[in-house]
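The lines below spell out each chain.
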Amino acid sequence: MDRLKLKAVIGSHPHVQAVKSGEVRSDRFDIEFIEYTPTNTAFKPMVREQAFDVCEMAIVTYLMAKAHGKPLVLLPATMLGRFQHSYALYNPERGTLGPSDLEGKRVGIRSFTTTTGAWIRGILANDYGVYLDNIRWVTFEDPHIAEYVDTTERAPKNKKVLQMLIDGELDAVLGETSNDPKLKSLFPDPAAEAAKWYARRGVVPVNHLVVVTEKLAKSRPDVVAGVYDLLKRDKMQVGPAASPDLVPFGIEANRKPLELIVDYAFQQALIPRRYAVEELFDETTRGLN
């Protein structure tokens, strides 16, 4: 078989540096890495045009892409996982605000379909009893999936989400962090809240995994398995995983976070039904561990 050259977009994470530098490589294919900053700007061309062979992708974007029949296949290779409680802010000049106080408020978020937003909304709804439909959502960007009908209020074009919060035009924002002393975390002690949440759920919220085009998956399943193998070798080379492992690899290691984000995405009407974890993969990637 001819040696393939793959085009890929993957962020500069510590556990992929050896693959990106070429130190860890395959004897069957080469990977040309294309830089997008921030990495999430590559999601739209990947979903809409399959612009690359391999691409890091937010899991909610992938779930929505699947719901709309986009020819992409998921690999169980986490590129970014993090606890989400520190990505919610409010302006204390307008009074104290906590997670349970958001109903009736104006809450800004980059796009309603972001994965961090879906995780935090899931936490608000399921752990704090917040009725999400009673929040006035203000967004700044289109969803990656063109077919998704966004019914949120759109911020004026020249406005920035954190500045609107500082100026009192928003009550809170999700999906952002800031060192501005005028702003505070919506969760009074985000690290402690995250630790309690993890103790209860046993889940690391995964944000970004990796997808390949269906065309590549069908024509060269050996190469798809090879890409996963390279990424896994690089991760193992970096050293033992932290506990909990924020970048789990393999179907079983990702099962609980995938089940939970599917649940949250369904609750928030981002996808039409709950997918079983096995449905998110194809014949090749379903066997990867």
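What you see is a predicted model, and the numbers here were worked out from it, not measured in a lab.

Q: Sorry if this is basic, but what is going on with the packing of helix α3 (residues 59-67) against helix α9 (residues 251-267) here?
A: To characterise two packed helices, one gives the angle between the axes of the helices and the distance between these axes. Contact geometry for α3 and α9: axes closest at 11 Å, N-to-C directions at 65 degrees. The two elements α3 and α9 meet at a crossing, and its hand is right-handed. Note on element contacts: α9 touches α3 through L258, I261, V262 and A265, opposite I59, V60 and L63. The residue makeup of the contact of α3 with α9, split by class, is seven nonpolar, no polar and no charged.

Q: Is there a simple way to explain the packing of aromatic side chains in this structure?
A: The geometry of an aromatic ring pair is captured by the separation of the ring centres together with the interplanar angle, meaning the angle of the planes. In the structure shown here, the tally under the stated rule is seven aromatic pairs. Between the aromatic rings of F112 and W137, the centroid separation amounts to 5.6 Å while the plane-to-plane angle is 70 degrees, which identifies the pairing as edge-to-face. Taken together, the residues F112 in the loop between β6 (106-109) and α4 (115-128) and W137 in strand β7 (residues 136-139) connect sequence positions 25 residues apart. By relative accessible area, F112 is classed as buried at 11%. A ring pair is formed by W119 and W197, whose centres lie 6.4 Å apart and whose planes are at 90 degrees; its orientation type is edge-to-face. Placement of W119 in helix α4 and of W197 in helix α6 (residues 190-201) is noted, with a sequence separation of 78 residues between them. Its relative accessible area of 0% is what places W119 among the buried residues. K66 extends its terminal NZ or CZ atom over the ring of Y275, reaching a point 5.8 Å from the ring centre. Lying across the ring of W137, R121 places its NZ or CZ 5.5 Å from the centre.

Conventions we followed
Residues numbered from 1 in each chain as written. Predicted model: local features only at pLDDT ≥ 70, side-chain atom pairs only at ≥ 80, totals over all residues. Heavy atoms only, no water. Axes fitted to C-alpha atoms, helices over the stretch in contact; angles between N-to-C directions. Helix = DSSP H or I, 4+ residues; strand = E, 2+ residues; numbered from the N terminus. Left-handed = near helix turned anticlockwise from the far one by under 90°. Contact = heavy atoms within 4.5 Å. Nonpolar A, V, L, I, M, F, W, Y, C, P; charged D, E, K, R; others polar. Phe/Tyr/Trp six-rings, centres within 6.5 Å; stacked < 30°, edge-to-face > 60°. Buried < 20%, exposed > 50% of the residue type's maximum accessible area, 1.4 Å probe, protein only. Lys NZ or Arg CZ within 6 Å of the ring centre and 35° of its normal.

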